Every structure is written in structure tokens, then in C-alpha cells.
Number of protein chains: 2
Amino acid sequence: MTSRPSNSPRKEQIINIAKNLFRERGYSATSMRDLASAVGIEAASLYNHIKSKNEILEWIVFGMAEEFFAAIRPLENRQDTPEMLLPVYIEAHIGVIVTHMDAAAVFLHEWRHLEPKSLQRFIQQRKSYESKFVEVVQRGIDCRQFQEVEPDFHVMLLFSSMNWIYDWYKEDGPLSPEEIAKQIADLFLHGLSNNRIGQ
Amino acid sequence: MTSRPSNSPRKEQIINIAKNLFRERGYSATSMRDLASAVGIEAASLYNHIKSKNEILEWIVFGMAEEFFAAIRPLENRQDTPEMLLPVYIEAHIGVIVTHMDAAAVFLHEWRHLEPKSLQRFIQQRKSYESKFVEVVQRGIDCRQFQEVEPDFHVMLLFSSMNWIYDWYKEDGPLSPEEIAKQIADLFLHGLSNNRIGQ
DNA sequence: TATCTTTACGAACGTTCGTTAGTTATGACT
DNA sequence: AGTCATAACTAACGAACGTTCGTAAAGATA
């Protein structure tokens, strides 16, 4: 539907470097001259490949949005119980984050610099994505696998836990993405306390 | 030790408005002219009250840091069990956030625009603050009230859950800060699942 | 060889940035 | 009445901003 980020390798390179700079310094604090110099060309030359600075942000943000949707799309028709399904959703979401750390940080922090039209689309898409997680939790409550909690609230907490991973995750750290996902799923399902049954 | 934000009401007003603008648009995307116009004076007049734009950021960030430390200071010598203490820490931290929403958002998002010296001090203070939570969890593990988890990791998750509250909390919403704190504490201690004992 | 497209460049545009300088009105203290 | 500090103003600084322009080199196509 939306066209791909690029067929040109140069454009792809520009966007990739922008992901890193926007993440490190923020969108507003990154100048086109900064970006150009990191690419190895002059600022003016960027405009042979991209239309504007803001367009780069759009590529990054909506590219990530698509990644998130794509990751959970194959899960939506599963018949598993909510208790089994939630960890799978969690692993999918975390998988996207850790394989696109820079872009994830930009997606989560810099979206407010989108222009009004794109901003509106972004908020809409995010809402739609979040609601898919809420659904799972709601089903868990309905069939009494989960406690009677406020699903929106708990999904907020869940996203908070997952979305700050980019802030501390190291590829060579002690935990793999799958282990992180399992830990978070366990935490949300069972908590920290020792006085519980089940595993 | 560090002098107070201000004795002048004008300076206080400038900083308060800056908290809101920095939160809404980000530090870099907020100009001194934006700030001045929100205050109702000219940009140049700001400099009768503050030394520089970056100094404003410092006031905000380190003011919040002090709030966080002050909130847990009275808890540090308590003799409670970790299971009882952790919720109190959580409530203290959340209390600071919800009573300083704008400043909290700036504290959490805009600290990287501090200048090197202040940046270093910030990171150091944050580490020190986080470690106080880690200690509680570690004690919980030591006395077998908590499962044998990685305390740093779980404290990260805890902070993630707490620190994104500014993103969705509404003063007139359904949950009070104390209820939010209790929910988060319950979640981390007991999880979502229904197959558990104790409460 | 002639033509066209791509991608780089240097120069420059108009705007905005944070900040400084110089000045003036106000009001408090002597 | 005279002095002084405060806090506002207008004007302006030099630098940096995103972006546009005209052009030139290189490579593909014919």
C-alpha cells in the first residue's frame, strides 16, 4: 500500500543514519548538515534523495508502525487461550524493538514532530495497535484466566515495560530478546512474589 | 546545598511555563521567543531573570531529581519487609510524578540536552536513585520473599511502568495516584494470573 | 558521438536561533 | 529630591537553520 522506504541504496543509507542521529540527539536538534556530514555528502545533496527533513521522520515512524503491525498480524487468528497468547504478542512486539533499536526510539520519542496530517494518522494507528493487546487481556478476563483488572490500564503498563527496552538493551547483554519477553510475560502473569502456585 | 529555584516570582513563572513548553514541544523545538511570548514579555527580557536557556533546563531537571530523592529519603531507614516496603517506594515515586507532570516529562525526556558537566551529574544521580530500588528488590530475594530474578532488570521494568504515567495520567481520570501505585505494586508482586494464592 | 538522467557540488536565500547591548520607566530607599 | 536597583523594551549581532538554485561530472542509452 504505502510505497517502500526506497529502492535507492543512498536513500536507504540516509534514512538509516537519520535513525541513529534522531535517536541520539532528537529530531529537532539534528540538522540536515549533521545528517549530510554523517552520510559523507553536502546538505544540499540530500535533497536529490529526499523531499524534506520531515519526510525522513515519516519514513522512520511509519516504517516502524508497519513493522509492529506485521509482527502481530500472523497471531491475530490464533485460537490459543489468552494466557498463552499474551506472551506471544509480547515476544512479537519486543522482537521488533530489539531488531530496530534506533528506529524504535525515534518512533516512541519523536513522533510529535510529525506534521498535523501524519500526526493524526500516527495516533490513529497506534490506538489501533494497542487495542489488539487490550483485546487479548479482555478475553483473558472474560474467561476468568486473568483477574478483573482494568485492561487499558494494564496494557499501558505492559507497553511501558516493553517500550523502554531500547533504553537499556544491549545486543551482547546477558538476556536474549526471547528471554526478556519471557520475563516480562511471567512478570505480568505471575508477579514477583513467591507465594503462588502454577509455575 | 544547591540554591532554590528562585526567590523571584517572575523567574518561577518562567520556569513553570518552560516546564510546560519543553514537555509539549521538546527542549530544542522550544525557542526563547516562544517561551517569552507565553510569559507575556519579549525574549530579551527573559535574560533579566535567567542566565541561559540551558540553565532553565538544569533548574527543571535537578529540581525534579531533588523531589525524587526527597520522596524516598524518609523511607530509607524503615524496618519493613521488602514486600511491604516496595509498594511504599512505588507510591512515593509515583506521587512525585503525578504532582509534577510537566517537569517529570522534561526530566525523563530532555535530560540529554544538558551540557556535559550537568549531564554527567544527572546520570550519576539517577544511577544512585535507581540503586535504592534495586536494594529493596535484592533484599526481597535474599530473604526469599521474591523469586530469584535479576533485580536490575526488574527494577528497569518497574521504572518503565512508573515513568510513563505522565503520558496517560489525567487528574480527573478514574484512578487516583494511590490506586495506580497499588495496582503497579500488585502487578509486580503478584501478576495478572488468577491461579495464585495469598493476595 | 550525442543525449539524458542521476547525483554530487558551492553559493546563496530568507528565516530563525540564542544572546548581548543600550536605554528607559518604575518604584523603593536615603 | 536624589540615588539606585529592577525589569521591561527595541535593536541588533553572528551563527545556524531548512531549503533552492544553477551547474558540472559521470554513466547509461541511443
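Only a predicted model underlies this, so the values are computations on that prediction, with no experimental measurement involved.

**Here's the deal with the overall build of chain A**
Right, on to step 1. Counting its regular elements, chain A contains nine helices and zero strands.
Right, on to step 2. Its helices and strands in sequence order give chain A the pattern α-α-α-α-α-α-α-α-α, from N to C terminus.
Right, on to step 3. Along the first, second and third principal axes, the C-alpha set of chain A runs to 65 × 35 × 25 Å.
Right, on to step 4. Going through the 199 residues of chain A one by one, you find that 51% of them count as buried.
Right, on to step 5. In chain A, the share of contacts with a sequence separation of at least 24, taken over all contacts with a separation of at least 6, comes to 69%.
Right, on to step 6. As presented, chain A carries roughly 10,000 Å² of accessible surface, and 48% of it is formed by carbon and sulfur atoms.
Right, on to step 7. Positive and negative side-chain charges of chain A, numbering 22 and 27 respectively, have mean locations separated by a distance of 5 Å.

**Things to note about the relation of the copies chain B and chain A**
Right, on to step 1. Between the two copies, chain B and chain A, the superposition gives an RMSD of 0.0 Å; the rotation angle is 180 degrees and the shift along the axis is 0.0 Å. The superposition operator between the copies reduces to a two-fold rotation axis.
Right, on to step 2. When you check the interface residues of chain B against chain A, 100% turn up at the interface there too, and the contact is symmetric in its surfaces.

**As for the interface of chain B and chain A**
Right, on to step 1. Between chain B and chain A, the residue contacts involve 43 residues of the former and 43 residues of the latter.
Right, on to step 2. Regarding the contact of chain B and chain A, the summed buried area is about 4,100 Å², with carbon and sulfur atoms giving 58% of it.
Right, on to step 3. Viewed at the interface, chain A and chain B are joined by two salt bridges.
Right, on to step 4. Among the salt bridges present, the one from Glu110 of chain A reaches Arg112 of chain B, with a minimum N-O distance of 3.2 Å.
Right, on to step 5. Of the residues that constitute the side of chain B that touches chain A, the class distribution is 18 nonpolar, 17 polar and eight charged.

Parameters and conventions
- Residues numbered from 1 in each chain as written.
- Chains lettered and ligands numbered in written order.
- Predicted model: local features only at pLDDT ≥ 70, side-chain atom pairs only at ≥ 80, totals over all residues.
- Heavy atoms only, no water.
- Helix = DSSP H or I, 4+ residues; strand = E, 2+ residues; numbered from the N terminus.
- Buried < 20%, exposed > 50% of the residue type's maximum accessible area, 1.4 Å probe, protein only.
- Contact = heavy atoms within 4.5 Å.
- Areas by Shrake-Rupley, 256 points an atom, 1.4 Å probe, with all protein chains shown as cover.
- Lys, Arg positive; Asp, Glu negative; His and termini not counted.
- Charge placed at Lys NZ, Arg CZ, Asp CG, Glu CD.
- Least-squares fit on C-alpha atoms with pLDDT ≥ 70 in both.
- Buried area = accessible area lost by both parts, 1.4 Å probe.
- Salt bridge = Lys/Arg side-chain N within 4 Å of Asp/Glu carboxyl O.
- Nonpolar A, V, L, I, M, F, W, Y, C, P; charged D, E, K, R; others polar.

Read these as geometric descriptors, not functional statements.
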